[in-house]
Amino acid sequence: MIISNKLNTKQLHREWVTIFKKEFAKKYFQKINSEVKNCSINELLCPKRENIFKAFEKTTLTDLKIVILGQDPYHGKNQANGLAFAVNENHKTPPSLRNIFKEIKNDLNYNTQTEKTLEPWANQGVLLLNSSLTVSLGNANSHGNLGWDLFTNNILKEISLLKNKVVFILWGNYAQKKEVLIDFKKHFILKAPHPSPLSAHRGFFGCKHFSKANKFLKSNNLKEIIW
């Protein structure tokens, strides 16, 4: 699939279609469309074309309870799967994801059984959203100025507007800049340093975001996430 104004409804859950159509019709999205098309011709796109909108396939707007925001996909060959912080099953667990699993154990006192694809989280209503939905193979943050940031910012605004009592988990300075897009009176915002090895010991470890998120969900009569 090449991105176009015609939505691939097999990939994108129908609940997101109205929101996405508004963005696909805007001029800035034509730049994204052109760049992604050129990358995909040469098979240099991460994730694969069919996984660009995977986060919106696995998590419906109705079921959405938590948003975890990443920056951009992993840029190794066949590594990214379209969900933030996740990788395909045949790849080694990246350091940031390994630290996320460590914090789950420290916070909840059990070893997570979740696959490194993180699809079980997405299926429970955790939107694993990267700010940029694509990169070029082997070139980290190569699409950072392409316009994806505007696209995902607008999606975050729509989520904040349309939903109530969503937990927004913002790890690191980049994600925390998105706080201004969220109505804190309606939603619950959790912030901590990024889980990468460079910053995890500065406050990510011990942040207890997984138990805090579940406590908030439970207090609002929402089903807790099995992390």
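Let me begin by describing the structure that accompanies this report. (Residues numbered from 1 in each chain as written. Predicted model: local features only at pLDDT ≥ 70, side-chain atom pairs only at ≥ 80, totals over all residues. Heavy atoms only, no water.)

1. Things to note about the layout of surface pockets
Estimates place the volume of the largest pocket at around 430 Å³. Forming the walls of the largest pocket are 29 residues, and the residues nearest its centre are Gln-71, Asp-72, Pro-73, Tyr-74 and Asn-130. Elements with a minimum of two residues in the lining of the largest pocket: strand S2 (66–70), strand S3 (126–130) and helix H7 (172–176). For the lining of the largest pocket, the residue count by class is 16 nonpolar, 12 polar and one charged. (1 Å grid on protein atoms, 1.4 Å probe; cavity = no way out; pocket = protein on both sides within 12 Å on 5 of 7 lines; lining within 4 Å. Points joined across faces, edges and corners; volume = space filled by probe spheres on them. Helix = DSSP H or I, 4+ residues; strand = E, 2+ residues; numbered from the N terminus. Nonpolar A, V, L, I, M, F, W, Y, C, P; charged D, E, K, R; others polar.)

2. Describing the packing of aromatic side chains
One pass over the structure, following the stated rule, counts 24 aromatic pairs. Relative to Phe-56, the ring of Phe-20 lies with its centre 4.8 Å away and its plane at 75°, an arrangement referred to as edge-to-face. One end of the pair, Phe-20, is in helix H1 (residues 17–24); the other, Phe-56, is in helix H3 (residues 54–58), and 36 residues separate them in sequence. On the basis of relative accessibility, which here comes to 1%, the residue Phe-56 falls in the buried class. Between Phe-53 and Trp-148, the ring centres sit 6.2 Å apart and the planes meet at 75°, which makes this aromatic pair edge-to-face. Pair noted here: Phe-53 is in the loop between strand S1 (45–46) and H3 and Trp-148 is in helix H6 (residues 148–162), with a separation of 95 residues, a long-range link. Relative accessible area serves as the criterion here: at 0%, Trp-148 is assigned to the buried category. Here the aromatic cluster, defined as three or more aromatic residues joined through ring pairs, consists of Trp-16, Phe-20, Phe-24, Tyr-28, Phe-29, Phe-53, Phe-56, Trp-148 and Phe-151. (Phe/Tyr/Trp six-rings, centres within 6.5 Å; stacked < 30°, edge-to-face > 60°. Buried < 20%, exposed > 50% of the residue type's maximum accessible area, 1.4 Å probe, protein only.)

3. Some remarks on the pairing of strand S5 (residues 167–171)
In terms of burial, S5 is a largely internal element, five of the five residues being buried. Judged from the four bridges that link them, S2 and S5 form a sheet pairing that is parallel. Within the sheet, the bridge partner assigned to Leu-69 lies in S5 and is Leu-170. Inspection of the sheet shows S5 paired to strand S6 (residues 188–192) by five bridges, in the parallel sense. If you follow Ile-169 over to S6, its bridge partner there is Leu-190. (Pairing = 2+ DSSP bridges.)

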